[in-house]
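# Fold and contact review
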Amino acid sequence: MDYQNKLILAPMVRVGTLPFRLLSADYGADITYSEEIIDHKFVKCVRRINESIGSIDFVDKGTENVVFRTCQEEQDRVVFQIGTSDAVRALTAAQIVCNDVAAIDINMGCPKAFSISGGMGAALLSKPELIHDILTTLKRNLDTPVTCKIRLLKSPSDTVELARRIEKTGVSALAVHGRKVEDRPRDPARWNEITDVVAALSIPVIVNGDVFEYEDFQRIKGATGASSVMVARGALWNASIFSPEGKLPWEEVKREYVRKSFIWDNCIKSTKHTLREMISHYSSLELPEGKAVIKSDTLADLAEYYGVR
């Protein structure tokens, strides 16, 4: 994996499934992260080839639900992100999927209660010894590149110190969200603090936060000195943000997402969630389109409404 000068789709829960990753790649994303997959769930999965749609599925042995779906087309760019609080469990999960993805990433930045309450995500930021244990265990036992994604700590010096400790584990790159755990999305990203991290490390640093236009990729890269730039909300609202030719109308992008969801038999709940997020940004769920999405029970319902096959 080359982490220099890349446009990257950030991990987004219930959004970063196969159709949205492929959609983003079609528009120009070089690297695409999966949604965070919790290790407890993934260690119960088995790998299966889905010949009907040409995918590689990791299926929960108890429920037969697809927990992670990928395909050969994205094998050289998809990053599988794990939510974990235990080195052995993280390794077990990674070993199940490592031959079908380009890299393994550990989520150390999610501030949501379900993640923190389980000792995962941003809860790891205050446990440097556990971070070291998880990352070194993965590095010792995997040939697949290993990375992690963090948030800013209380002080710039604390962030730099943690970043240096992470670098010493041998990870291939470090992604840094330019906000602290207590910050809200409306709070501006702190580029100056990421600049300190970039200056302190020799491995590639990926900067994340406040990317809403294609021009922002180079602007933020130049402001921070980061190797690559990662985008979340800007891609969710219009995945063609990755295109150097400029964004396409969101209606067109939305239909293509529905088409890909139908082709790849995406989870209906995930597809509806993503569509609701798109619609809410540009319009209202109280209008006919929003109501139609909410009422849809199947992917076929959505495909019919949007006129795609």
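Residues numbered from 1 in each chain as written. Predicted model: local features only at pLDDT ≥ 70, side-chain atom pairs only at ≥ 80, totals over all residues. Heavy atoms only, no water.

## Some thoughts on the UniProt feature "binding site: FMN" (unreviewed entry) in the protein chain
We apply this condition: UniProt positions are given in the numbering used here, feature names are shortened, and annotations may be inferred rather than shown by experiment. Helix and strand definitions here come from DSSP, where helices need a minimum of 4 consecutive H or I residues and strands a minimum of 2 consecutive E residues; each element is numbered from the N-terminal end. In this analysis, two residues are considered to be in contact whenever any of their non-hydrogen atoms come within 4.5 Å of each other. Throughout, exposure labels follow a simple rule: accessible area from a 1.4 Å probe, protein chains only, divided by the maximum for the residue type, with under 20% read as buried, over 50% as exposed, and the rest as partly exposed.
UniProt records the feature "binding site: FMN" (unreviewed entry) at P11, M12, V13, Q81, K149, H177, A232 and R233, using the numbering of this structure. Along the chain, Q81 falls in strand β7 (residues 78-83). Those residues in contact with Q81 that sit more than four places away from it in its chain are P11, S34, E35, E36, I37, D105, I106, N107 and K149. Along the chain, K149 falls in strand β9 (residues 146-152). A residue is classified by how much of its surface remains accessible, and K149, at 11% relative accessible area, is buried. Among all residues touching K149, those that are not within four sequence positions of it are P11, Q81, D105, I106, N107, M108, G109, A175, H177, N208 and M230.

## Focus on the packing of helix α11 (residues 268-282) against helix α12 (residues 288-295)
Under the convention used in this document: Here, axes are lines fitted to C-alpha atoms. For helices the fit covers the stretch in contact, and angles between N-to-C directions go from 0 to 180 degrees. By definition in this entry, angles of less than 35 degrees are roughly parallel, angles greater than 145 are roughly antiparallel, angles of 65 to 115 are roughly perpendicular, and the rest are oblique. Handedness of a crossing follows from how the near helix is turned relative to the far one, being left-handed for an anticlockwise turn of less than a right angle and right-handed for a clockwise one. When residues are grouped by polarity, Ala, Val, Leu, Ile, Met, Phe, Trp, Tyr, Cys and Pro land in nonpolar, Asp, Glu, Lys and Arg in charged, and all others, Gly among them, in polar.
Packing of α11 against α12 brings their axes to within 10 Å, and their N-to-C directions diverge by 170°. Here α11 is positioned roughly antiparallel relative to α12, judged by the angle of their axes. Crossing hand, α11 versus α12: left-handed. In this structure, α11 uses K272, L275, R276 and I279 to contact α12, whose residues at the interface are E289, G290, V293 and I294. Residues of the contact of α11 with α12, tallied by class, amount to four nonpolar, one polar and three charged.

## Quick look at the side chain of S55
Test applied: Definition of a polar contact: a pair of N or O atoms within 3.5 Å, with one able to donate and the other able to accept a hydrogen when the atoms are protein atoms, and with sequence-neighbouring residues admitted only if both atoms are side-chain atoms.
Inspection of the secondary structure puts S55 in strand β5 (residues 55-60). Classification of S55 by relative accessible area gives buried; the value is 1%. Looking at S55, its side chain comes within polar contact range of the side chain of D57, at 2.8 Å. Within polar-contact distance, the side chain of S55 engages the side chain of R69 at 3.4 Å. Setting aside its immediate chain neighbours within four residues, S55 contacts R48, I49, N50, R69, T70 and W264.

## A look at helix α7 (residues 191-200)
Note the following rule: In this description, the arc belongs to the directions extending from the helix axis to the C-beta atoms.
The set of residues buried in α7 consists of W191, E193, I194, V197 and V198. Along the axis of α7, the buried residues cluster in a sector spanning 155°; they form a single face. Looking at α7, the residues exposed on the side facing more than 90 degrees away from the buried face are N192 and A199. Buried residues along α7 sit in contact with β9, α6 (156-168), β10 (173-180), β11 (205-208) and α8 (214-224).

## Here's the deal with the environment of E256
Here E256 lies in helix α10 (residues 250-263). Sequence separation between E256 and I166 is 90 residues; the distance between their C-alpha atoms is 39 Å. Beyond its immediate chain neighbours, meaning those up to four positions away, E256 contacts L23 and Y27. For E256, the side chain forms a polar contact with the side chain of K260, separated by 2.6 Å.

## What to know about the pairing of β9
Using the following cut-off: Between any two strands, pairing holds if DSSP finds at least two bridges.
Burial analysis of β9 places seven of its seven residues in the buried class, the great majority of the element. Sheet topology places strand β8 (residues 103-108) next to β9; five bridges connect them, and they run parallel. Directly across from I104, in β9, lies its bridge partner V146. With six bridges joining them, β9 and β10 adopt parallel strand pairing. Bridge pairing in β10 links K149 to A175.

## Considering the UniProt feature "active site" (unreviewed entry) in the protein chain
Those residues carrying the UniProt feature "active site" (unreviewed entry) are C110 in this numbering. Structurally, C110 is set in the loop between β8 and α4 (113-117). On the basis of relative accessible area, C110 is assigned to the buried category, the value being 11%. Excluding residues that lie within four positions of it along the chain, C110 makes contacts with S115, I116, G121 and A122.

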